[in-house]
Amino acid sequence: MHIFVFSYNRGPFLENCIRSIEDCAPQCQLTVIDDGSDDPETRRVLAEIAKRHQVIDKTAESGHKLGGLYANMQAAFEMAADDALICFLQDDTQMVRQLSDEDIQELRQNFADQPDLGFISPAFVRGISLKKAANQDFRFDSERGFWFWYPRQRSTGTWFSALLIADPRRLRQVDWSFEVGESVNNRKAAKIFCRMARMRAPFSMWLPNGRAYRGKQKSLALRFGEWSRRCGLYPLEIMTDQQVEDLKLADPARLPVAEEFLKPTRGALKTPWAYDPMQGAGWLKLLDRLERKLRGLFR
């Protein structure tokens, strides 16, 4: 498996993410694609990582069109060889359990046995997504060995999510390309593949209460949201082998909700965890949109 990590100006988060991959999946090839970070701390972290792994910087000549998450995902896809699965992670995520060679071989076999399988999610389910009754319908398919999501309305994440595992050969067979926007890719995947498969025992997760960027910028509203929520770096504990085995073999299968199986290494966070500093604060989102429009007018 070739793991790609997408990065921008979150040096401590990136450092935590890479360390978790080195600890949990040392056998995997690792490439970091950075979107032109200019933060000194992030530049330092990238330089250290480059001593051990491939780092591709937007500012360097790579032979690929870089710039923005989805363009960088497309570049990663173009770099990937046919004979290895790809896994896309981001700097505000980390691995949370050991990924064995047997796990990878099982994933490869899943793609071989299920020709309509396009994307597998490596992430746990966010507890916040279960707050609405319309989003609660996750069903376990015992024949496929995966969970699938059946929200009442078509929703981003049903067929596609930016955290993914895929078989490059299969994607090339259907002439796949990553478009700009998760909802666009979600609609596209819905026409080609089955719903996004979700592992019984996922191996990665977004960090709770993380810091964020929108369009590489931080509005005053976003900064206030980060301050009020005490956003920061909250790494997750690595699961024990026994915890992973129990989750894999649970009968009946247990939906892998992050808050039920994962624990931050520091701090007591309110559940369900937040992943957006402005989550649940409509007035902050409105102020954020207004500030962005004003910035656009005065450019």
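Computed from a predicted structure; not experimentally measured. Counting of residues starts from 1 at the beginning of each chain's written sequence and follows it residue by residue. Only residues with pLDDT of 70 or above have their local features reported here, since the model is predicted, and side-chain atom pairs are shown and tallied only from 80 upward, although totals for entire chains, interfaces and linings are computed over all residues. Each side-chain value is worked out from all heavy atoms of the structure, with water and hydrogens disregarded.

Topic: the overall build of the protein chain
Item 1. Helix and strand definitions here come from DSSP, where helices need a minimum of 4 consecutive H or I residues and strands a minimum of 2 consecutive E residues; each element is numbered from the N-terminal end. Regarding its fold elements, the protein chain presents ten helices and eleven strands.
Item 2. Looking at the protein chain as a whole, 51% of its 299 residues are labelled buried.
Item 3. Within the protein chain, counting contacts between residues at least 6 apart in sequence, those at least 24 apart form 75% of the total.
Item 4. By element, 49% of the accessible surface of the protein chain is carried by carbon and sulfur atoms, the whole surface being about 14600 Å². Between buried and exposed lies partly exposed: a residue is buried under 20% and exposed over 50% of the maximum accessible area for its type, with that area taken using a 1.4 Å probe on protein chains only. Should any heavy atoms of two residues lie within 4.5 Å, those residues are counted as being in contact. Where accessible areas are quoted, they stem from the Shrake-Rupley method and a 1.4 Å probe; at the residue level, only the protein chains shown are allowed to cover.

Details of a nonpolar patch on the surface
Item 1. Nonpolar side chains collect at one region of the surface, where Leu286, Leu287 and Leu290 lie side by side and expose about 260 Å² of accessible area between them.
Item 2. Among the secondary structure elements, leucine 290 is positioned in helix H10 (residues 282-297).
Item 3. A relative accessible area of 44% places leucine 290 in the partly exposed class. Patches here are clusters of residues that have more than 30% relative accessible area and form no salt bridge, with a 9 Å joining cutoff for like charges and a 5 Å cutoff for nonpolar side chains (Val, Leu, Ile, Met, Phe, Trp, Tyr). Any Lys or Arg side-chain nitrogen located within 4 Å of an Asp or Glu carboxyl oxygen qualifies as a salt bridge.

Focus on the environment of aspartate 92
Item 1. With respect to the element layout, aspartate 92 can be found in the loop between strand E4 (86-90) and strand E5 (93-95).
Item 2. Here the alpha-carbon distance between aspartate 92 and serine 7, two residues 85 residues apart in the chain, equals 8.4 Å.
Item 3. With sequence-adjacent residues up to four places away left out, aspartate 92 is seen in contact with Arg10, Phe13, Met205, Trp206 and Leu207.

A closer look at the nonpolar core
Item 1. To form a nonpolar core, buried Ala, Val, Leu, Ile, Met, Phe, Trp, Tyr and Cys residues must be joined to one another through side-chain atoms within 4.5 Å. Met1, Ile3, Val5, Ile165 and Met205 are the most contacted members of the largest nonpolar core, which totals 52 residues.
Item 2. Ranked by residues supplied to this core, first place goes to helix H1 (residues 11-24) with six residues.
Item 3. Judged by nonpolar contacts, the second largest core, of 25 residues, contains Met73, Ile86, Leu171 and Ala189.

Regarding helix H2 (residues 40-49)
In an α-helix, one turn spans 3.6 residues; hence positions three or four apart end up facing the same way.
Item 1. Residues of H2 that are buried include every one of Thr42, Val45, Leu46 and Ile49, and no others. Considered in projection along H2, the buried side chains sweep an arc of 100 degrees and stay on one side of the axis.
Item 2. Of the surrounding secondary structure, the elements contacted by the buried residues of H2 are strand E1 (2-7), H1, strand E2 (29-34) and strand E3 (54-57). Working definition: the arc comes from the directions between the helix axis and the C-beta atoms, pointing outward to the latter.

Re the pattern of salt bridges
Item 1. If you walk through the whole model with that rule in mind, you get 16 salt bridges.
Item 2. Salt-bridge contacts for glutamate 41 lead to arginine 44; the nearest nitrogen and oxygen are separated by 2.9 Å. Placement of the pair is glutamate 41 and arginine 44 together in helix H2, with a separation of three residues, close to one helical turn.
Item 3. Residue glutamate 41 is classed as partly exposed on the basis of its relative accessible area of 32%.
Item 4. In this structure arginine 44 comes out as partly exposed when scored by relative accessible area, which is 38%.
Item 5. With its nearest N and O atoms 2.8 Å apart, the salt bridge here joins lysine 248 to aspartate 103.

Looking at the packing of H1 against H2
Item 1. One can describe the packing of H1 onto H2 by two numbers: an axis separation of 8 Å at closest approach and a directional angle of 25 degrees. What the angle tells us is that H1 and H2 run roughly parallel. Residues Gly11, Pro12, Leu14, Glu15 and Ile18 of H1 touch H2, and the partners they reach there are Glu41, Thr42, Arg44, Val45, Leu46 and Ile49. Interaxial angles span 0 to 180 degrees and are taken between N-to-C directions of axes, which are lines fitted to C-alpha atoms, for helices over the stretch in contact. For this classification, under 35 degrees means roughly parallel, over 145 means roughly antiparallel, 65 to 115 means roughly perpendicular, and everything else is oblique.

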